[in-house]
Amino acid sequence: MNITEPVVANTTEQIRTKISELRRARGGAPVVLVPTMGALHEGHLSLVKRAQRIDGAVVVVSIFVNPLQFAEGEDLDSYPRTLDADVEKLSNVGADLVFAPSPREMYPQGPRTLIHPGEAGSILEGASRPTHFSGVLTVVNKLFQITGCTHAVFGEKDYQQLLLIRQMVQDLNIPVEVIGAPIVREDSGLAKSSRNQYLSDDERKLAGALSRALHVAAGYDSAEEVVAKAKEMLAEHEGIDLDYVALTSADLGEPRVGDNRLLVAARVGATRLIDNVAVRLAH
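This is a predicted model, so every value here is computed, not measured. Throughout this document, residue positions are counted from 1 along each chain, in the order its sequence is written. Predicted model: local features are reported for residues with pLDDT of at least 70 only, side-chain atom pairs are reported and counted for 80 or more only, and whole-chain, interface and lining totals are derived from all residues. Values reported for side chains reflect all heavy atoms of the structure, with hydrogen atoms and water molecules removed beforehand.

### Details of unusual backbone geometry
The phi angle of most residues is negative, glycine excepted, and most peptide bonds adopt the trans form. Where we set the bar: Secondary structure elements are defined from DSSP: runs of H or I of at least 4 residues count as helices, runs of E of at least 2 residues count as strands, and each element is numbered from the N terminus. The classification of residues rests on relative accessible area computed with a 1.4 Å probe and restricted to protein chains. Under 20% of the type maximum is buried, over 50% is exposed, and intermediate values are partly exposed.
Residue Leu 124 is not a glycine yet carries a positive backbone phi of 50 degrees. Position of Leu 124 among the secondary structure elements: in the loop between α4 (103–106) and α5 (125–128). On the accessibility criterion, Leu 124 (12% relative accessible area) is buried. The phi dihedral of Asn 173 falls on the positive side, at around 55 degrees, and the residue is not glycine. Among the structural elements, Asn 173 can be located in the loop between α7 (159–171) and β6 (177–181). A relative accessible area of 66% places Asn 173 in the exposed class.

### Side note on helix α9 (residues 223–235)
Where we set the bar: For a helix, the expected span equals 1.5 Å multiplied by the residue count minus one. It is the directions from the helix axis to the C-beta atoms whose arc is reported.
The terminal C-alpha atoms of α9 lie 18 Å apart, and with 13 residues this matches the ideal 18 Å at 1.5 Å per residue to within 8%. Listing the buried residues of α9 in full gives Ala 223, Val 226, Val 227, Lys 229, Ala 230, Met 233 and Leu 234. Down the axis of α9, the buried set is contained in an arc of 160 degrees. They therefore lie on one face. Facing away from the buried side of α9 by over 90 degrees, the exposed positions are Glu 224 and Ala 235.

### Section: the packing of aromatic side chains
Test applied: Put simply, two rings from Phe, Tyr or Trp (the six-membered ring, in Trp's case) pair if the centres are within 6.5 Å, and we call them stacked under 30 degrees between planes, edge-to-face over 60, tilted for the rest.
By the definition in use, this model includes two aromatic pairs. Taking the centre distance of 6.2 Å and the plane angle of 50 degrees together, the rings of Phe 64 and Tyr 107 count as tilted. In this pair, Phe 64 sits in the loop between β3 (58–63) and α3 (83–93) while Tyr 107 sits in the loop between α4 and α5, placing the two residues 43 residues apart along the sequence. For Tyr 107, a relative accessible area of 10% puts it in the buried group. Aromatic pair Phe 70 and Tyr 79: ring centres 5.9 Å apart, planes at 75 degrees, arrangement edge-to-face.

Laid out in structure tokens, this is it:
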């Protein structure tokens, strides 16, 4: 693979022009979007590598800290913005284009038209962050429209987000194939996240208990045992402020025989973290 620095576009007109040029050069190639908020880590880069598995793909990585998905009092102002370092990392994995718009470029008239996530967006993360998923779906839909992508890759760490994006695509007849990619973890098991850099060394060690609890609990037989074991293990760690532990079906409904998902959200120090694992129930 020929590794070159990706072209960075800051406006809708620029990114559309660059995508069109590359598609023509590659004989009408598919366009694969990897939406991010920047502060890229190995998890993000794994999404780019997944995008590149699509034959001939024009891989577009968006870097945009979306104000619509932050509520008052959350970390919008302090969220890490590291565009130059991000572009360098994307050079090393061979992304084609970077779309790095400003809030004014994305919302020139302000946030007027929003997408409502429906009932599935009101539970779990939606219960804790009521406006969050509306902001996510609105910006993702805009990015789909701006780039004209045929495929988009999202990480399974944000599992509820992934399902809601798939729901939006289905319900609004959006011609984009949504691909989920596995969680990338640190050696401790902690799910890679841009917010991990907020953690002190002691907090990072403590945060590893989240994934350990999920993986141990996932080995139990009944829904009640799974949730009880996860809560029991997390309660042993002073300094983990639990928001929720929930076992749902793979589509966020009631747990059932077969494939399910165990999800957790907690604060470690001042940092809010989420994680999830697959659970297969036999009864």
